[in-house]
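In case you want the letters, here they are:
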Amino acid sequence: MDRRYINFIFILVLVAAIIWIDLPRAEGAAGIKIGTFERTLNPVLGLDLRGGMQVLLAPPEGSDIDKQALEDAALTLENRANGLGVSEVVFQVAGEKYILGEFPGLTNTEEVIATVKQTGLLEFVDAGNTYLPDGTLITTDHGLTEPVINDPAIVPVVNSEGVVEPADYVFHTVMLGSEIENVSVEVDQVTGTFIIPFEVTADSTKMFREYTAANINKNLAIVLDKRVISCPTIQGALDGGGQISGNFTSETANNLAVTLRYGRLPVALEVVESRIIGPTLGEDSLSKSLLAGAIGFSIVILFMTIYYRLPGVVAVFSIAIYAGLTFALFKLIPVTLTLPSIAGFLLSTGSALDANILIFERLKEELRNGRTLQQAIDLGWKRAWPSIRDSNIATIITSIILFWFGSAFGASIVKGFALTLALGVGVSLFTAIVVTRNFLSIVIKLINPARHQKWFGA
Amino acid sequence: MLNILGKRYIFFAISFLIIIPGLIMLGINGMPLSIDFKGGTLLEVQFPSNALPSTEQVKDIYDGLGVKDAQIQTTEDTVLIIRSSVLSDTVRLDILEQLTALAGSELVIRKADTVGPSIGEGVTERALQAVGLAALAIVLYITFAFRGVPHAFRYGVCAIIAMIHDVLIVLALTGYGARLFGWQVDSLYLTAVLTVIGFSVQDKIVVFDRIRENNTIYRKLEFEKLANHSIVQTLQRSINTQLMTVEFFLLSLALFGGVTLREFAVILLVGLFSGTYSSIFIAAPLLVVWENQEWKTWFRRTPKTA
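Model, not experiment: these values are computed from the prediction.

Student: A description of the overall build of chain B should follow, citing residues and the corresponding values.
Tutor: Each helix and strand counted, chain B has 11 helices and 4 strands in total. Against the 2.2 N^0.38 benchmark of 19 Å for 306 residues, chain B shows a C-alpha radius of gyration of 24 Å, more extended than a compact globule. Counting only C-alpha atoms, chain B reaches 80 × 40 × 35 Å along its principal axes. In chain B, 77% of the contacts between residues at least 6 apart in sequence involve partners at least 24 apart.

Student: Tell me about the overall build of chain A, and please be specific about residues and values.
Tutor: A tally of helices and strands in chain A yields 10 helices and 19 strands. A buried classification covers 42% of the 458 residues belonging to chain A. Sequence separation of 24 or more characterises 74% of the internal contacts of chain A that already satisfy a separation of 6 or more.

Student: Can you lay out the sheet that holds strand β8 (residues 139–140) of chain A for me, pointing to particular residues and giving the numbers?
Tutor: Taken in spatial order, the 5 strands of this open sheet run β8-β11-β7-β15-β16 (chain A), and their pairing is mixed. Where the open sheet ends on each side, the last strands, each with one partner, are β8 and β16 (227–230) of chain A.

Student: Could you give an account of the nonpolar core, with specific residues and numbers?
Tutor: Residues and elements named next belong to chain B. Within the largest apolar cluster, 118 residues are counted, with the highest numbers of intra-cluster contacts made by Ala159, Ala283 and Ala284. Per-element tally for this core: the top contributor is helix α10 (residues 259–292), with 16 residues. Once you skip the residues sitting within four places of it in the chain, Ala283 turns out to touch Cys158, Ala159, Ala162, Lys204, Val207 and Ser278.

Student: Can you explain helix α10 (residues 412–446) of chain A? Please cite residues and give values.
Tutor: All names here are of chain A. For α10, spanning 35 residues, the distance from its first C-alpha to its last is 49 Å, which sits close to the expected 51 Å at 1.5 Å a residue. Along α10, the sharpest kink reaches roughly 35°, centred on Thr431. Buried residues dominate α10, accounting for 25 of its 35 residues.

Student: Give a detailed account of the packing of helix α7 (residues 279–332) of chain A against helix α9 (residues 223–256) of chain B, specifying residues and quantitative values.
Tutor: Where α7(A) contacts α9(B), the axes come no closer than 8 Å and their chain directions differ by 155°. Judged on the interaxial angle alone, α9(B) and α7(A) are roughly antiparallel. Helix-helix and strand crossings are classified by hand; for α7(A) and α9(B) the assignment is right-handed. Taken together, the residues of α9(B) that come into contact with α7(A) (itself represented by A:Lys288, A:Ser289, A:Leu291, A:Ala292, A:Ile295, A:Gly296, A:Ile299, A:Val300, A:Phe303 and A:Tyr307) are B:Asn240, B:Met244, B:Thr245, B:Phe248, B:Phe249, B:Ser252, B:Leu253 and B:Phe256. A breakdown of the residues in the contact of α7(A) with α9(B) according to their chemical character gives 12 nonpolar, 5 polar and 1 charged.

Student: Any details on the domain arrangement of chain B? Residues and values, ideally.
Tutor: Along its sequence, chain B is carved into domain 1 (5–34 + 121–298) and domain 2 (40–115). Just the C-alpha atoms count here: the centres of domain 1 of chain B and domain 2 of chain B sit 40 Å apart.

Student: Break down the pairing of strand β18 (residues 270–277) of chain A for me, citing the residues and quoting the values.
Tutor: In the sheet, strand β4 (residues 52–58) of chain A pairs with β18(A) via 7 bridges, with the strands oriented antiparallel. Across the sheet, residue A:Gln54 finds its bridge partner in β18(A), namely A:Arg275.

Student: Can you explain the interface of chain A and chain B? Please cite residues and give values.
Tutor: Counting from both sides, the interface comprises 55 residues of chain A and, opposite them, 51 residues of chain B. Broken down by secondary-structure element, the contributors of at least two residues to the side of chain A that touches chain B are α4 (109–117), β18, α7, α8 (339–368), α9 (373–409) and α10 of chain A. For the side of chain A that touches chain B, the leading source of residues is α9(A), giving 15 residues. Split by residue class, the side of chain A that touches chain B holds 31 nonpolar, 14 polar and 10 charged.

Student: Can you explain the sheet that holds β4(A)? Please cite residues and give values.
Tutor: In space, the 8 strands of this open sheet follow the order β5(A)-β6(A)-β4(A)-β18(A)-β4(B)-β1(B)-β3(B)-β2(B), with antiparallel pairing throughout. Edge positions in the sheet fall to β5 (90–94) of chain A together with β2 (71–75) of chain B, since each of these pairs with one other strand and no more. Between one strand axis and the next, the sheet turns through 15° on average, direction left out of account. Note: β5(A) against strand β6 (residues 98–104) of chain A, 5 bridges, orientation antiparallel. Across the sheet, the residue bridging to A:Gln92 is A:Leu100, located in β6(A).

Student: Give a detailed account of unusual backbone geometry, specifying residues and quantitative values.
Tutor: Across residues other than glycine, the phi torsion is negative in most instances, and most of the peptide bonds are trans. Note the cis peptide between A:Ile333 and A:Pro334, where omega equals -20°. For A:Pro334, the location among the structural elements is in the loop between α7 and β19 (336–337). Here the phi dihedral of A:Arg309 falls at roughly 55°; this positive angle occurs in a residue that is not glycine. Residue placement: A:Arg309 occurs in helix α7. In this structure, B:His151 is a non-glycine residue whose phi angle is positive, near 55°. Within the secondary structure layout, B:His151 lies in the loop between α6 (123–145) and α7 (152–181). Its 13 C-beta neighbours within 10 Å are what place B:His151 among the partly exposed residues.

Student: Tell me about the environment of B:Phe264, and name the residues and values.
Tutor: As for its position among the elements, B:Phe264 is in helix α10. The residues touching B:Phe264, leaving out its near neighbours within four places in the chain, are B:Leu188 and B:Ala192.

Student: So what's going on with the packing of helix α1 (residues 8–29) of chain B against α7(B)? Which residues, and what values?
Tutor: Residues and elements named next belong to chain B. Put simply, α1 and α7 touch, their axes get as near as 7 Å, and they point 50° apart. The pairing of α1 with α7 is recorded here as oblique in orientation. Of the two elements, α1 crosses α7, and the hand of that crossing is left-handed. Packed against α1, whose contacting residues are Ser15, Ile18, Ile19, Gly22, Leu23, Met25, Leu26 and Asn29, the element α7 presents His165, Leu168, Ile169, Leu171, Ala172, Leu173, Thr174, Gly175, Tyr176, Ala178 and Arg179 at the interface. Classifying every residue of the contact of α1 with α7 gives 12 nonpolar, 6 polar and 1 charged.

Student: Go over the environment of A:Ala221 with me, naming the residues and quoting the values.
Tutor: All names here are of chain A. Within the fold, Ala221 resides in strand β15 (residues 219–224). On the neighbour-count criterion, Ala221 (26 C-beta atoms within 10 Å) is buried. Once residues within four sequence positions are removed from consideration, Ala221 is found in contact with Val125, Ala127, Leu132, Val228 and Cys231.

Student: Describe the confidence of the model for chain B, naming the residues involved and giving the relevant values.
Tutor: All names here are of chain B. For chain B, mean pLDDT is 86; residues scoring 70 or higher make up 95% of the total. By mean pLDDT, helix α5 (residues 117–120) is the weakest element of chain B at 66, and α7 is the strongest at 93. Overall fold confidence (pTM) sits at 0.74, and the ipTM for the predicted complex is 0.81.

Student: So, the pairing of strand β17 (residues 241–245) of chain A: which residues are in play, and what are the values?
Tutor: All names here are of chain A. Across the two faces of β17 the burial differs, with Gly242 and Ile244 buried and Gly241, Gln243 and Ser245 not buried at all. In this sheet, β17 lies alongside strand β14 (residues 194–200) in antiparallel orientation, the contact comprising 5 bridges. If you follow Pro197 over to β17, its bridge partner there is Gln243.

Student: Provide a residue-level description of the environment of A:Phe345, including the pertinent values.
Tutor: Residues and elements named next belong to chain A. Its place among the elements puts Phe345 in helix α8. For Phe345 and Ala237, which are 108 residues apart along the polypeptide, the C-alpha to C-alpha distance reads 62 Å. Dropping the residues within four chain positions of it, Phe345 is found in contact with Thr326, Thr420 and Gly424.

Conventions used here
Residues numbered from 1 in each chain as written. Chains lettered and ligands numbered in written order. Predicted model: local features only at pLDDT ≥ 70, side-chain atom pairs only at ≥ 80, totals over all residues. Helix = DSSP H or I, 4+ residues; strand = E, 2+ residues; numbered from the N terminus. Rg over C-alpha atoms; globule rule 2.2 N^0.38 Å. Contact = placed C-beta atoms within 7 Å. Buried ≥ 20, exposed ≤ 12 C-beta atoms within 10 Å, placed from the backbone. Pairing = 2+ DSSP bridges. Core = buried A, V, L, I, M, F, W, Y, C linked by C-beta atoms within 7 Å. Expected span 1.5 Å × (residues − 1). Bend = angle between axes of the 7 residues up to and from the residue. Axes fitted to C-alpha atoms, helices over the stretch in contact; angles between N-to-C directions. Parallel < 35°, antiparallel > 145°, perpendicular 65-115°, else oblique. Left-handed = near helix turned anticlockwise from the far one by under 90°. Nonpolar A, V, L, I, M, F, W, Y, C, P; charged D, E, K, R; others polar. Domains from an automatic or database assignment. pLDDT = per-residue confidence, 0-100.

Right under this line is the structure:
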């Protein structure tokens with residue numbers, strides 16, 4: 001079989017995959033899942049397009065910067081914010097000394113800053129025979145002046161909605177987070193599961209030993225800011241320390257260890273930058289840039305078809321595949337779409353067009369020099385290739401350096417731009433090599449080119 | 001055939017005429033740095049129609065709370081952009097409360113940015129470092145890619161000089177824009193400049209590639225004629241790629257993309273145009289100047305024989 005047709009079939013399969021990935025999906029619809037690779041296939045919109053708040057936190061001027069402490073702080077903040085029921089909050093270390101927090105849809109600075117500043121109260125709570133699922137909100141007697149005596153006849157339960165019944169039940173706090181130390185994460189030699197060993201401070205050892213001895217097989221809930229984060233069962237009297245086991249993954253075990261270690265943040269942080277984008281401005285920008293893109297693309301289609309005729313039509317298909325493929329990659333990686341990243345995408349669309357135009361100008365030249373159409377296509381391609389290759393490689397070099405700069409400095413704008421530019425240029429090389437060339441060759445095979453020279457604008 | 005390179009000094013002069021006044025304007029007024037770089041608070045508030053307060057009223061509110069440096073700008077019909085030094089959360093809420101009282105109904109907060117003064121420090125410096133590094137990498141790459149032609153190193157250097165030309169054009173434009181429309185240099189602006197740099201180099205290489213190719217075909221031809229021939233051959237492509245496609249995208253972005261993107265789109269429009277222009281009228285002529293070592297005749301009184 002002709003190589004061209006094999007390539008053509010490959011392109012068709014690719015187009016089908018692109019369409020499947022690019023089709024808009026209902027919120028919460030099934031995405032893609034292959035092993036550990038899981039994507040919802042919804043485009044990820046940045047805050048400038050969907051509205052929300054972004055804060056940049058940094059340790060106070062002049063303090064020592066410990067990268068590990070920053071990582072831990074970011075994790076703690078994220079857990080805390082998620083504990084508060086604010087959805088999709090992301091905290092991540094940016095650059096050398098910043099933590100970037102993003103709160104989609106939320107525009108209440110005060111609430112966020114309160115979250116950041118709050119110290120985080122960690123308690124070990126006597127749950128008796130009741131298993132408290134993660135996330136349950138409970139009342140404890142820590143900080144109450146009057147001790148609460150529960151009627152032993154009342155056994156609290158957690159109903160299907162995750163609410164404790166009776167609602168006014170007060171749990172007894174056995175120990176605070178400040179009374180434990182040396183928390184680590186280990187793998188149990190026998191069972192191969194993750195465990196979290198910890199030690200109890202000398203002052204509390206006796207109390208903890210007596211309490212655990214008296215409560216074997218009862219539940220001891222670990223509670224952060226009144227919300228249950230884990231509810232292990234006491235398996236024996238604990239002398240000076242113990243270990244928490246459960247159904248942990250490496251990640252959840254580490255999260256819990258960080259929380260235990262730092263009920264409070266490992267570093268002091270202050271807000272050095274906050275940006276709030278109202279939802280109306282975000283929507284406005286999104287719809288306007290989409291409109292502008294659609295208008296621009298229509299003009300380009302018109303121009304290419306009128307000026308280059310048949311090859312122009314081929315180029316329009318090729319650019320459409322380019323755009324679809326790039327968008328599919330944005331969804332798969334996933335790349336957060338912001339105004340700068342859209343700019344990078346538009347610019348790489350320019351490169352993709354340029355590649356096509358370079359080939360067609362060469363093709364016309366060769367036709368003028370009296371070559372046959374098939375020769376002209378092969379030669380035009382061959383001659384245009386070095387310039388396409390070298391110019392795009394230069395752009396990729398630039399975007400790699402910009403990406404590095406953006407990551408090192410926490411300049412997420414520059415990073416997003418560089419990433420989409422590099423991706424787009426890479427894809428445009430692919431579509432120029434594979435798609436445009438193959439389509440043209442096949443078109444030539446299907447029609448009798450000698451009779452249709454004018455279709456090529458020659 | 002079109003003789004572009006023969007008029008090279010005219011094109012150099014045109015570029016100088018555009019760049020110098022703009023840079024002087026920038027020099028006089030200073031770089032219009034936004035809060036992204038110098039720190040401060042920016043509030044962008046939309047008022048209900050016919051309830052837009054006057055600049056003085058807003059200024060009074062800020063003054064009343066001890067913020068003396070508020071700058072107020074009206075965009076669209078009902079949107080105010082107010083820039084000031086950093087406002088604490090409480091002051092910011094006070095201001096919004098008073099503005100709401102002034103308007104008599106709920107306001108739409110489109111944007112509220114607060115940037116601490118330490119953030120911007122070093123950004124420019126680092127950006128320059130990154131661009132310098134990129135320029136160096138590109139000179140090396142071009143020298144490598146053009147190793148088949150004599151003096152491959154010159155191509156890289158001329159590409160970078162022309163790229164600097166494009167950045168200067170953008171800076172000059174910023175000078176005019178700041179003067180006439182109150183433009184500000186923010187992080188989106190930085191993105192635009194980086195884009196101009198990327199595209200500029202890409203375009204130079206396409207034009208240089210033609211010189212590289214013709215070099216092997218017309219071995220005996222004088223360099224100036226060779227370069228001129230190459231430019232004319234790539235002219236159609238330059239016009240089509242640049243004017244007909246990329247600029248259409250940007251023009252529609254400038255016209256329909258909303259206020260946020262207008263400044264960005266205009267800078268790209270001019271910067272990318274300059275990128276293509278300078279490939280033909282700056283970068284290639286510079287190669288010729290270098291080949292002929294014309295600087296030796298610049299300060300002599302004998303008429304130039306071109």
